[in-house]
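Descriptive analysis of the structure
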Amino acid sequence: MAPPGPAASARILSIQSHVVSGYVGNRAATFPLQLLGHEVDAINTVQFSNHTGYNTFAGTRFAAAHMRELFAGLQANGLDRGYTHLLTGYMGNSDNVRAVESIARQLREQNPGLVFVLDPVLGDDGALYVPEDLVALYRDVLCPLATLLTPNQFEAEQLTGQPIASLDDAKRACDALHALGVPNVVITSLQTADDPDVLHLVGSEKSPQTGACHQFAIAFPRLTGYFTGSGDLFAAVVMARHFEMAAHADGLGALARACELATATQAGVMVATKRRQEATGVAVAPDHLHRGSRPADMVRGFELCIIPAQRQIVSPDTRFAAVDI
Ligand SMILES: Nc1ncnc2c1ncn2[C@@H]1O[C@H](COP(=O)(O)OP(=O)(O)O)[C@@H](O)[C@H]1O
Ligand SMILES: Cc1ncc(COP(=O)(O)O)c(C=O)c1O
């Protein structure tokens, strides 16, 4: 029997923040995607010394013209051809959102099958960390172009204008997000009143052909602490796993399988991060310690353990099961 051929490789343009030290944005996404066998080209929306959760940071937010210039440079050499995936994270202002819109439209023109994974980086824990006008821009301009949307609980509430406190609320929010034109939605973590030690991922996959919808939830233990870049790692890994599943699966179910694997990777990397933090004797951040009050060694202790725990990206130890809801 002939040996199996090489696994298909995605060609990804990833537009996110860059930090010199630590793992958020492109620094949290590029290595895991490469490890899973994909080609990644990165455009950086900012270049900072470290993420903004430290007490201080240095560096530059790039203007939208910078992104447009880099993309025009790719086009001038025909290097914009052949992208299968666009992944976007922190953009920070409306000009950058417009530049991403333009790039997404041009890439779709080149490749009508382009998969656009949109992580709507707007805020967390009840607060926006981008200008308020971005919410409507994401909702009205980017969501209709996206293939897969990965909001956290707060971002899903902002985009739908609906509070989300239960799995039923989350299902309704997914329906509202589908109505914007996104076929795949993953609310990455949701805390309900039932059990404060458990978080839920809620996913929804809608067939553009039949309109049939598969909605599911994955429960996982909530780890205490303050992990940065977890949303960025999740979006990258779920994109890669969805690509693998979509290539094999027929019918609905690919998104749930991709989320099971991505949740397992997150758990593996985050448990390794906590273990490293405990081993170095650095105090574990109390749950709601104000951002500006965390000592640098505590913040650093929660930089994701992506390199030492890389096995968890390829072949995670834990298994999680999606349940239909
Ligand atoms: N406190 C936590 N405990 C366990 N897993 C977490 C925790 N925070 C994040 N994760 C994992 O990281 C993923 C993305 O994190 P989330 O906080 O939802 O996104 P964001 O960083 O965009 O706010 C979750 O789906 C989950 O797998
Ligand atoms: C510039 C930048 N991008 C991305 C992130 C990651 O955010 P999150 O931890 O919500 O994924 C941070 C976190 O502070 C950041 O400073």
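What this report covers is the structure whose coordinates are included nearby.

What counts, and at which threshold
- Residues numbered from 1 in each chain as written.
- Chains lettered and ligands numbered in written order.
- Predicted model: local features only at pLDDT ≥ 70, side-chain atom pairs only at ≥ 80, totals over all residues.
- Heavy atoms only, no water.
- Helix = DSSP H or I, 4+ residues; strand = E, 2+ residues; numbered from the N terminus.
- Rg over C-alpha atoms; globule rule 2.2 N^0.38 Å.
- Buried < 20%, exposed > 50% of the residue type's maximum accessible area, 1.4 Å probe, protein only.
- Contact = heavy atoms within 4.5 Å.
- Areas by Shrake-Rupley, 256 points an atom, 1.4 Å probe, with all protein chains shown as cover.
- Lys, Arg positive; Asp, Glu negative; His and termini not counted.
- Charge placed at Lys NZ, Arg CZ, Asp CG, Glu CD.
- 1 Å grid on protein atoms, 1.4 Å probe; cavity = no way out; pocket = protein on both sides within 12 Å on 5 of 7 lines; lining within 4 Å.
- Points joined across faces, edges and corners; volume = space filled by probe spheres on them.
- Nonpolar A, V, L, I, M, F, W, Y, C, P; charged D, E, K, R; others polar.
- Near = heavy atom within 4 Å.
- Polar contact = N/O pair within 3.5 Å; in protein donor to acceptor, adjacent residues only side chain to side chain.
- Pairing = 2+ DSSP bridges.

With that settled, the discussion passes to the overall build of the chain. Along the backbone of the chain there are ten helices and twelve strands. The globule rule puts the C-alpha radius of gyration for 325 residues at 20 Å, and the 19 Å found for the chain is close to it. By principal-axis analysis of the C-alpha atoms, the chain measures approximately 50 × 50 × 45 Å. Relative to its full complement of 325 residues, the chain shows a buried share of 51%. Long-range contacts, defined as pairs at least 24 residues apart, comprise 71% of the intrachain contacts of the chain with a sequence gap of at least 6. Surface summary for the chain: the accessible area is close to 14,300 Å², and the carbon and sulfur share equals 53%. Seen as two clouds, the 23 positive and the 32 negative side-chain charges of the chain have centres 4 Å apart.

The volume enclosed by the second largest pocket comes to roughly 320 Å³. Lining the second largest pocket are 14 residues; nearest its centre among them are Asn 184, Glu 205, Lys 206, Pro 208 and Gln 209. Those elements that provide at least two residues to the lining of the second largest pocket are β10 (198-206) and α7 (230-248). The class makeup of the residues in the lining of the second largest pocket is six nonpolar, six polar and two charged.

Let us look at the site of ligand 1. In the vicinity of ligand 1, 14 residues are found, and the nearest of them are Asn 152, Thr 188, Ser 189, Leu 223 and Gln 266. Between an oxygen atom of ligand 1 and a side-chain N or O atom of Asp 124, the distance comes to 3.1 Å. Ser 189 places a polar side-chain atom, nitrogen or oxygen, 2.6 Å from an oxygen atom of ligand 1. For ligand 1, the accessible surface in isolation is 550 Å², of which the surrounding protein chains cover 87%. Looking at the shell around ligand 1 element by element, the count peaks at three residues for α7. Considered class by class, the residues forming the shell around ligand 1 number six nonpolar, six polar and two charged.

Here the focus is the sheet that holds strand β2 (residues 39-48). The strands making up a sheet associate through hydrogen bonds between their backbones, and the pairing can be parallel or antiparallel. With mixed pairing, the ten strands of this open sheet are ordered in space as β3-β2-β1-β4-β5-β8-β9-β10-β11-β12. Of all the strands in the sheet, the pair left with one neighbour each is β3 (59-61) and β12 (323-324). Across eight bridges, strand β1 (residues 11-19) lies against β2 in parallel orientation. Bridging across to β2, Arg 11 finds its partner in Glu 39.

What follows is about the environment of Leu 252. Note that Leu 252 resides in the loop between α7 and α8 (254-279). Overall, the relative accessible area of 36% leaves Leu 252 in the partly exposed class. In contact with Leu 252, not counting residues within four places along its chain, are Glu 205, Lys 206, Ser 207, Ala 212, Cys 213 and His 214.

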